Amino acid sequence: MGDLVHFSFALSSRMRAFIALRDGLSCLEQARSDRHGAAWLHAACDLRTSLLGEQGRKNALPEIITIFADLQEYLQKLSEDAPLYRDTIARACQEIDRQMSRLQGGVPEVCDYLEQDALIHAYLNTQKKHDWLGHKWCMPQSITALWRDPDARILPLHQRLVPLDNAIAKLNEMLSDFVGWNKRTATAGSDHIVLERGKSYGLMVIALQEEIVAQGIIPDISSNRLAIRLRFQQWQAGEPSRECEENIPYAMMLVPIGG
């Protein structure tokens with residue numbers, strides 16, 4: 001599906017851990033590419049929170065390994081009902097084994113870096129003390145000079161992150177490989193999705209045309225074990241959010257893994 005924006009909604013605590021880690025890694029890489037110091041520090045602190053299990057979050061790695069195991073179990077059952085895809089599924093399961101073995105011992109070099117780096121530690125304290133720009137630690141006055149040669153400062157962390165980046169990217173890809181899209185319309189901006197009984201869903205993905213999102217239209221969901229309520233809101237500059245009243249075409253995917 002081209003020219004689409006994908007929105008991932010976690011339907012379980014495991015998937016919340018996965019999405020937080022996935023998005024944290026993505027933001028960190030984007031900030032590195034843009035050479036944006038403040039954005040990189042903010043993403044590094046969020047990554048630290050996911051990997052060290054701070055500020056009310058669980059350590060994400062055990063949750064990620066469990067999702068890999070759930071995915072492997074799901075694929076093995078799928079193989080029994082789809083003999084034509086057994087070879088493809090077998091290769092996918094072998095890849096899952098490789099990724100899980102890489103993560104079983106954790107990522108100690110990454111965690112040590114995030115714990116010991118003085119700049120990340122100082123920036124983390126700005127958040128704890130509600131000093132978001134870091135005035136007390138002179139962040140706005142120093143960050144431009146500190147980022148004059150950003151690779152020397154941050155490349156060691158990104159090099160350590162390569163195995164974790166690869167594992168998360170592979171999991172993100174595989175979660176949707178064996179699940180189909182369902183095209184729907186949110187009538188007057190709202191839709192009600194009844195979940196199949198006996199199935200446990202961990203993730204919902206919404207796909208919207210890019211031009212719809214460019215208008216400030218964003219999906220919002222609330223859910224329980226039986227149903228999902230989907231509402232579309234519009235966010236426009238300088239205005240409060242409003243409920244969409246027009247019909248919104250979208251596609252959705254429910255992933256029966258990690259529930």
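Higher on the page you've got the structure.
Residues numbered from 1 in each chain as written. Predicted model: local features only at pLDDT ≥ 70, side-chain atom pairs only at ≥ 80, totals over all residues. Heavy atoms only, no water.

Moving on, we get to the environment of isoleucine 206. Within the fold, isoleucine 206 resides in strand β4 (residues 203–209). The buried category is assigned to isoleucine 206, whose relative accessible area is 0%. Along the backbone, isoleucine 206 and leucine 254 are 48 residues apart, and their C-alpha atoms lie at a distance of 9.0 Å. In this view, isoleucine 206 contacts Val5, His6, Phe7, Phe9, Pro219, Leu230, Tyr250, Ala251 and Met252; residues no more than four positions away in its chain are not counted. (Helix = DSSP H or I, 4+ residues; strand = E, 2+ residues; numbered from the N terminus. Buried < 20%, exposed > 50% of the residue type's maximum accessible area, 1.4 Å probe, protein only. Contact = heavy atoms within 4.5 Å.)

On to the sheet that holds strand β8 (residues 248–255), then. Here 4 strands make up an open sheet; going across it, the order is β1-β4-β8-β2 and the pairing antiparallel. Both edges of this open sheet fall to β1 (4–10) and β2 (182–186), since each of them pairs with a single strand only. When strand polarity is set aside, the average angle formed by the axes of neighbouring strands in this sheet is 30 degrees. As defined by bridge partners, β1 adjoins β4 across 7 bridges and the pair is classed as antiparallel. Within the sheet, the bridge partner assigned to serine 8 lies in β4 and is valine 205. In this fold helix α1 (residues 13–34) packs onto β1 and β4, with an angle of close to 135 degrees to the strand it touches most, β1. (Pairing = 2+ DSSP bridges. Axes fitted to C-alpha atoms, helices over the stretch in contact; angles between N-to-C directions.)

With 16 residues, helix α9 (residues 162–177) should cover 22 Å at 1.5 Å per step; its first-to-last C-alpha distance of 22 Å lies within 8% of that length. Listed in full, the buried residues belonging to α9 are Leu164, Ala167, Ile168, Leu171, Met174 and Leu175. The buried residues of α9 occupy one face: seen down the axis, they fall within an arc of 135 degrees. (Expected span 1.5 Å × (residues − 1). Arc of directions from axis to C-beta.)

Let's shift gears to the packing of helix α2 (residues 37–52) against helix α5 (residues 108–116). Any two packed helices are characterised by how steeply their axes cross, that is the angle between the axes, and by the distance between the axes. α5 packs onto α2 with a crossing angle of 125 degrees between their chain directions and a minimal axis gap of 10 Å. Between α2 and α5, the angle is such that the two are oblique. Of the two elements, α2 crosses α5, and the hand of that crossing is left-handed. Each of Ala44, Leu47, Arg48, Leu51 and Leu52 in α2 lies in contact with α5, whose residues at this interface are Val110, Cys111, Leu114 and Glu115. (Parallel < 35°, antiparallel > 145°, perpendicular 65-115°, else oblique. Left-handed = near helix turned anticlockwise from the far one by under 90°.)

The next point concerns the nonpolar core. One finds Phe18, Leu21, Trp40, Leu41, Leu51, Leu164 and Leu175 to be the most contacted residues of the largest nonpolar core, which totals 57 residues. Apart from the residues lying within four places of it in its own chain, the contact partners of leucine 41 are Leu119, Ile120, Tyr123, Met139, Ile143 and Trp147. Ranked by size, the runner-up nonpolar core spans 23 residues in total, among them Ile212, Phe232, Cys244 and Met252. (Core = buried A, V, L, I, M, F, W, Y, C linked by side-chain atoms within 4.5 Å.)

In this section: the packing of aromatic side chains. The full count for this structure, using the stated rule, is 2 aromatic pairs. Seen in terms of ring centroids, phenylalanine 232 and tyrosine 250 are 5.7 Å apart; in terms of plane orientation they differ by 55 degrees. Their pairing is tilted. You can see phenylalanine 232 sitting in strand β6 (residues 227–234) and its partner tyrosine 250 sitting in strand β8, a full 18 residues away along the chain. Residue phenylalanine 232 shares its accessibility class with tyrosine 250, and that shared class is buried. (Phe/Tyr/Trp six-rings, centres within 6.5 Å; stacked < 30°, edge-to-face > 60°.)

A few words now on the pattern of salt bridges. Side-chain pairs of opposite charge can arise whenever the charged atoms involved come near each other. This structure, assessed with the given rule, holds 13 salt bridges. We note a salt bridge from aspartate 46 to arginine 57, for which the minimum N-O separation is 2.6 Å. Remark: arginine 57 occurs in the loop between α2 and α3 (60–81) and aspartate 46 occurs in helix α2; sequence separation between them is 11 residues. The class for aspartate 46 is partly exposed, based on a relative accessible area of 25%. Overall, arginine 57 belongs to the partly exposed group, its relative accessible area being 30%. The closest approach of N and O atoms between glutamate 54 and arginine 48, which form a salt bridge, is 3.1 Å. (Salt bridge = Lys/Arg side-chain N within 4 Å of Asp/Glu carboxyl O.)

Along the chain, histidine 130 falls in the loop between α6 (118–128) and α7 (139–146). In the structure, histidine 130 is positioned 33 residues away from aspartate 97 in sequence and 42 Å away in space, judged by C-alpha atoms.

With that settled, consider the layout of surface pockets. Looking at the largest pocket, its volume works out to about 190 Å³. The greatest single-element share of the lining of the largest pocket, amounting to 5 residues, is contributed by α3. Across the lining of the largest pocket, the residue classes tally to 4 nonpolar, 3 polar and 4 charged. Empty space within the second largest pocket amounts to approximately 160 Å³. Lining of the second largest pocket is provided by His6, Ser8, Arg22, Asn172, Leu175, Ser176, Trp181, Leu203, Val205, Met253 and Val255. Elements supplying a minimum of two residues to the lining of the second largest pocket: β1, α9, β4 and β8. (1 Å grid on protein atoms, 1.4 Å probe; cavity = no way out; pocket = protein on both sides within 12 Å on 5 of 7 lines; lining within 4 Å. Points joined across faces, edges and corners; volume = space filled by probe spheres on them. Nonpolar A, V, L, I, M, F, W, Y, C, P; charged D, E, K, R; others polar.)

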